[in-house]
Structure formats: C-alpha cells, structure tokens
Amino acid sequence: MSTSTPRLRSLGLDPATGKEALAVTSPGSRLEELADAHALKAAAVLVTVVGAVLEMGKASDAELAAFVTPLHAALEECVGILATGRE
C-alpha cells in the first residue's frame, strides 16, 4: 500500500441524513486521522459483538459466516492504518 496515493475512506454516518460520509484522504491529513479513528472504533465494536456471539456459543454456521466479510474489511482497514504508519 502506497502512502502517497489518496484513497476514499469512510468517516462514519452523517447524523442528519443517515448516509455514509466518504472523503478522499491523503497521508497525514486531518481527514485521514478522522477516517482512521472511525475505522478503529468500528473494528472495536465489531470485535465486541463477535466476541459476545462466540461466548454465547449458540450461533449457527450461517450466522457466524455472516461476520466473515465485515471482519475481513475491518482487519484490512486496520492493517492499512498500521502499514501507513510504518512506511
């Protein structure tokens, strides 16, 4: 992942419209900081939800499979944040 390439990132939901707010971020920009904070917060919530479901131990395979795509997206985003900070 190149740190010089701007990318489209989520900033969360617009409370007025309920639509996702997206921004083209550049490395080190304020918008990138906001997008990173949103991604980490979203990943933390997802970890909590998935952890609770796993602790209950009653989820079906189909229910657990529904978490694969969001977990992959969250992990990819977090890895991207870490990679940007190390380059």
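Refer to the preceding data block for the structure.
Here the structure is a predicted model, which is why all the values come from computation and not from measurement.

### Observations concerning the overall build of the protein
Step number 1: From N to C terminus, the protein includes 3 helices and 2 strands.
Step number 2: Here the protein holds 87 residues, and 21% of them are scored as buried.
Step number 3: Element-wise, carbon and sulfur atoms account for 64% of the exposed surface of the protein, whose accessible area totals about 6100 Å².

### Comments concerning the pattern of salt bridges
Step number 1: All told, the structure shown has 3 salt bridges when counted by the stated rule.
Step number 2: Asp36 is paired through a salt bridge with Arg9; the nearest N and O atoms lie 2.8 Å apart. Of this pair, Asp36 sits in helix α1 (residues 30-56) while Arg9 sits in strand β1 (residues 7-13), and the two are 27 residues apart along the sequence.
Step number 3: With relative accessibility at 2%, the residue Arg9 sits in the buried group.
Step number 4: One salt-bridge network, held together by shared partners, links Arg9, Asp36 and Glu77.

About the thresholds
Residue numbers run consecutively from 1 along every chain, following the written order of its sequence. Residues qualify for local features only when their pLDDT is at least 70, as the model is predicted, and side-chain atom pairs are given and counted only at 80 or more; totals for whole chains, interfaces and linings, by contrast, use all residues. Side-chain numbers here rest on the full set of heavy atoms in the structure, without hydrogens or water. Under the scheme used here, helices are H or I runs from DSSP no shorter than 4 residues and strands are E runs no shorter than 2 residues, and both carry numbers assigned from the N terminus. Buried, partly exposed and exposed residues are distinguished by accessible area as a fraction of the type maximum, computed with a 1.4 Å probe on protein chains only: under 20%, between the cut-offs, and over 50%, respectively. The method behind every accessible area is Shrake-Rupley, applied with a 1.4 Å probe, and residues are considered shielded solely by the protein chains displayed. Here, a salt bridge means any side-chain nitrogen of Lys or Arg that lies within 4 Å of a carboxyl oxygen of Asp or Glu.

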